[in-house]
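Residue-level structural notes
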Amino acid sequence: MSQTNKLKIFNDPIYGFITIPNAFIYDLIQHPYFQRLRRISQMGMSYLVYPGAHHTRFHHALGCMHIMQKAVQTLQFKGVAISQEEEEALYIAILLHDIGHGPFSHAMEHSIVEGVHHEELSLLFMEQLNLEFEGKLNLAIQVFKGEYPRKFMLQLISSQLDMDRMDYLKRDSFYSGVAEGNINSDRLIQMMHVKDDLLVIEEKGIYSVEKFLVARRLMYWQAYLHKTSVVAELILTKILKRAKELSQNEVLLPINSPLQFFMTHKITLDNFDNVTLNNFSYLDDYDIMGAIKSWQFHDDYVLQNLCRMILNRDLLKIQITEDKPDKADLLILKNKFMQIASISEKESAYFVFKGKLKNQAYSKSSAPIYILKKDNSIEDVVEASDQMYLKALSKEVTKYYVCFPKVVLGI
């Protein structure tokens, strides 16, 4: 295929036309590892609350690359020297930043893979691609790992005001219909500059930053931490845990081979080798949903009922409170359900459980968002703003939840 044939455009509902910057990036997009992102939903189980939220990690990655192009153009226009090699490294790093996500985005991290986060898997995928493309991702990996001396480049990829957050807020707001999350990414990018190797926002862009932080807080409570999204994702995690438990006790489950691999092996970051990575690259939402459709007919009470909950959107009841749940109340719910369903205490723990949710729109401790003042000094946005609520946004809010079957309340 000729090089010019690779400079294609995508029509994106958020930004209009997205152009592929060069032939190598086209080759990365065409790679099966990246194409898999078309089959990974961006917002996990949120479509059970917001029926339009069926967009994918593929959409999001391309959107991030597009706004990274805008950011690079803005900084170069303002006199920040960014070489062609650095520019390409930024595009590659942001394009591949989420390539390590498993099916339904976050459920895998807490179930069939033991505490391996998607960022770590993204790096493993990037290193494998670097081998295949003979070192062409060296600089992108350096930037992604924070090892490149120009620190503002990492901030464009991973910080409190990075291209990732800018795209997912705008995109998730659009597809879910939660208008409160819509931000003015164009304005934020136009206000970007670099001072003392730090990414900063010019003072006249401070209101756009304030709006961005408020939008982030609202999107978390209204979409990402919506109680129905939360309980659906918890049930999905429990399904995978139960399937893994049964598989390791040699109970036969209808299952495809890549998923079988993860069900029968204990996988941690230390033993995540090339065979494991290859198997992981074959997994997507379709595998999980296909398995759940089969498992709804399995003899195991726990697996069968959890699967039906997801398929029929007849979920566990979830109660969210400001205070820690009472252990005695939880025990009463558990015992009641054990009697109703004639199951063991261990099995009832799949249906009656507690946990907590945390939301912090802005953290002053990790790489603050800096405002470039007119006198050329820089200041944390919370100090630079005249809005008292920004201080409140930097406090972590914790809420607690209890989940249990509706039948224990006679519903």
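Before going into details, it helps to say that this report is about the structure given with it. (Residues numbered from 1 in each chain as written. Predicted model: local features only at pLDDT ≥ 70, side-chain atom pairs only at ≥ 80, totals over all residues. Heavy atoms only, no water.)

A few points about the pattern of salt bridges
Once the charged atoms of two side chains with opposite charge are near each other, the side chains can pair. Selection rule: Between Lys or Arg on one side and Asp or Glu on the other, a salt bridge is scored when a side-chain nitrogen of the former is within 4 Å of a carboxyl oxygen of the latter. Helix numbering and strand numbering both begin at the N terminus, where a helix is a DSSP run of H or I of at least 4 residues and a strand a DSSP run of E of at least 2. Here the term buried applies to any residue with accessible area under 20% of the maximum for its type, exposed to any over 50%, and partly exposed to those in between, with areas from a 1.4 Å probe on protein chains only.
The full count for this structure, using the stated rule, is 17 salt bridges. Across the salt bridge formed by Lys 78 and Glu 202, the nearest N and O atoms sit 2.9 Å from each other. A residue pair is termed long-range when its members are at least 10 positions apart, and Lys 78 in the loop between α3 (57-77) and α4 (84-95) and Glu 202 in strand β4 (residues 198-202) qualify at 124 residues. Residue Glu 202 is classed as buried on the basis of its relative accessible area, which comes to 16%. The partner of Lys 145 in a salt bridge is Glu 147, and the shortest N-O contact between them spans 3.7 Å. Owing to a relative accessible area of 39%, Lys 145 belongs among the partly exposed residues under this scheme. In this structure Glu 147 comes out as partly exposed when scored by relative accessible area, which is 48%. A single network of salt bridges, built from pairs that share partners, joins Arg 242, Glu 245, Asp 300, Lys 346 and Glu 347.

Thoughts on α4
Stated precisely, the cut-off is as follows: To estimate how far a helix should extend, the number of its residues minus one is multiplied by 1.5 Å.
Relative to the 16 Å expected for 12 residues at 1.5 Å per residue, α4 spans 16 Å between its end C-alpha atoms, a close match to the ideal helical length. Inspection of α4 places Glu 86, Ala 89, Leu 90, Tyr 91, Ile 92, Ala 93, Ile 94 and Leu 95 among the buried residues, and these make up the whole buried set.

Description of unusual backbone geometry
Its identity is not glycine, yet Asp 197 carries a phi of approximately 65°, on the positive side. One non-glycine residue with positive phi stands out, namely Asn 376, at about 75°. Position of Asn 376 relative to the elements: it lies in the loop between β7 (370-372) and β8 (378-380).

Focus: the sheet that holds strand β6 (residues 353-359)
Heads up, the condition is: The rule for pairing is simple: two strands pair if DSSP sees at least two bridges between them. Angles run from 0 to 180 degrees between N-to-C directions of axes, and those axes are lines fitted to C-alpha atoms, restricted for helices to the stretch in contact.
A sheet is described by the order of its strands in space; here three strands give the open sequence β5-β9-β6, paired in antiparallel fashion. Each end of this open sheet is capped by a strand with a single partner; those strands are β5 (317-321) and β6. This sheet shows a mean twist of 25° between the axes of neighbouring strands, independent of strand direction. Summarising the sheet, β6 and strand β9 (residues 397-404) pair through seven bridges and their orientation is antiparallel. Pairing of Lys 356 across the sheet is with Tyr 400, part of β9.

Side note on the environment of Lys 227
Mapping Lys 227 onto the fold places it in helix α11 (residues 227-248). Note on Lys 227: relative accessible area 42%, which makes it partly exposed. Considering only alpha carbons, one finds Lys 227 and Ile 157, 70 residues apart in sequence, at a separation of 29 Å.

Looking at the side chain of Lys 195
Inclusion rule: Under this definition, polar contacts are N or O atom pairs within 3.5 Å; protein pairs additionally need one hydrogen-donor-capable and one acceptor-capable atom, and for neighbouring residues in sequence, both atoms have to be side-chain atoms. Any two residues whose heavy atoms approach within 4.5 Å are treated as being in contact.
Locating Lys 195 in the fold gives a position in strand β3 (residues 192-195). Among the polar contacts listed, one links the side chain of Lys 195 to the side chain of Asp 196, at a separation of 3.4 Å. From its side chain, Lys 195 meets the backbone oxygen of Asn 376 in a polar contact 3.5 Å long. What Lys 195 contacts, discounting residues up to four positions off in sequence, is Val 200, Leu 372, Asn 376 and Ile 378.

Focus on the packing of aromatic side chains
Heads up, the rule is: Two aromatic rings, drawn from Phe, Tyr or Trp (for Trp, its six-membered ring), form a pair once their centres lie within 6.5 Å of each other, and the interplanar angle then sorts them: stacked below 30 degrees, edge-to-face above 60, tilted otherwise.
Scanning all chains against the criterion turns up 13 aromatic pairs. For the pair Tyr 220 and Tyr 224, a centre-to-centre distance of 4.8 Å together with 70° between the ring planes defines the contact as edge-to-face. Residue Tyr 220 and its partner Tyr 224 are both found in helix α10 (residues 206-224); the two are separated by four residues, about one turn of the helix. The structure contains a cluster of three or more aromatic residues connected by ring pairs, namely Tyr 33, Phe 125, Phe 261, Phe 262, Phe 272 and Phe 280.

Looking at the side chain of Ser 159
Mapped onto the elements of the fold, Ser 159 is located in the loop between α7 (151-157) and α8 (163-176). A polar atom in the side chain of Ser 159 sits 3.3 Å from the backbone nitrogen of Leu 161.

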